[in-house]
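A structural walkthrough
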Amino acid sequence: MNKAIITVVGRDTVGILAKVCTCLAENGVNILDISQTVVQEYFNMMMIVDASSARKPFADLGTELADIGKEMGLQIKCQRSEIFEKMHRV
């Protein structure tokens, strides 16, 4: 399994979850777990996904998600789970 962590942060607006999930589905990425919260008007989401069957290289998928974030005024990051786990061990 090729797990990745996707984080989304920014002002809450209609369609955030829909756009992110549509992008992932169109690229063959399966959502394994998802957590989201809205605190006042700020949206925060973390997803664990399986990118084993992704139709694009990992870097291209990350760029596409980041571009969606820019269009919506959000910050969207996609990291391989191994890097995420090692960063948080320090």
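Note: the structure precedes this text.
Parameters at a glance
Residues numbered from 1 in each chain as written. Predicted model: local features only at pLDDT ≥ 70, side-chain atom pairs only at ≥ 80, totals over all residues. Heavy atoms only, no water. Disulfide = S-S within 2.5 Å. Buried < 20%, exposed > 50% of the residue type's maximum accessible area, 1.4 Å probe, protein only. Core = buried A, V, L, I, M, F, W, Y, C linked by side-chain atoms within 4.5 Å. Helix = DSSP H or I, 4+ residues; strand = E, 2+ residues; numbered from the N terminus. Pairing = 2+ DSSP bridges. Axes fitted to C-alpha atoms, helices over the stretch in contact; angles between N-to-C directions. Contact = heavy atoms within 4.5 Å.

Brief notes about the state of the cysteines
When the sulfur atoms of two cysteines share a covalent bond, that bond is a disulfide. Counted according to the given criterion, the structure contains 0 disulfides. The thiol of Cys-21 is not disulfide-bonded; the next cysteine sulfur, from Cys-23, is found 9.8 Å away. Of the residues examined, Cys-21 reaches a relative accessible area of 22% and is grouped as partly exposed.

Points about the nonpolar core
In terms of nonpolar packing, the biggest core is built from 20 residues, with Ile-6, Val-8, Val-20, Leu-24, Leu-65 and Ile-76 touching the most fellow members. Breaking this core down by element, the ones donating at least two residues are strand 1 (3-11), helix 1 (16-26), strand 3 (42-50), helix 2 (58-72) and strand 4 (74-80). With 5 residues, helix 2 is the largest single contributor of residues to this core.

Topic: the sheet that holds strand 4
Backbone-to-backbone hydrogen bonds join strands into a sheet, with any given pair of strands oriented parallel or antiparallel. If you walk across this open sheet you meet the 4 strands as 2-3-1-4, and the pairing is antiparallel. In the strand order of this sheet, the two ends are held by strand 2 (30-39) and strand 4, each with one partner. Across this sheet, the average inter-strand angle for adjacent strands is 10°, counted without regard to direction. Inspection of the sheet shows strand 1 paired to strand 4 by 7 bridges, in the antiparallel sense. Looking at the pairing, Gly-10 lines up with Leu-74 of strand 4. Of the strands in this sheet, strand 1, strand 2, strand 3 and strand 4 touch helix 1, which is tilted by about 20° from strand 3. Here helix 2 sits on the sheet and contacts strand 1 and strand 4; the angle it forms with strand 4, its principal contact strand, is near 165°.

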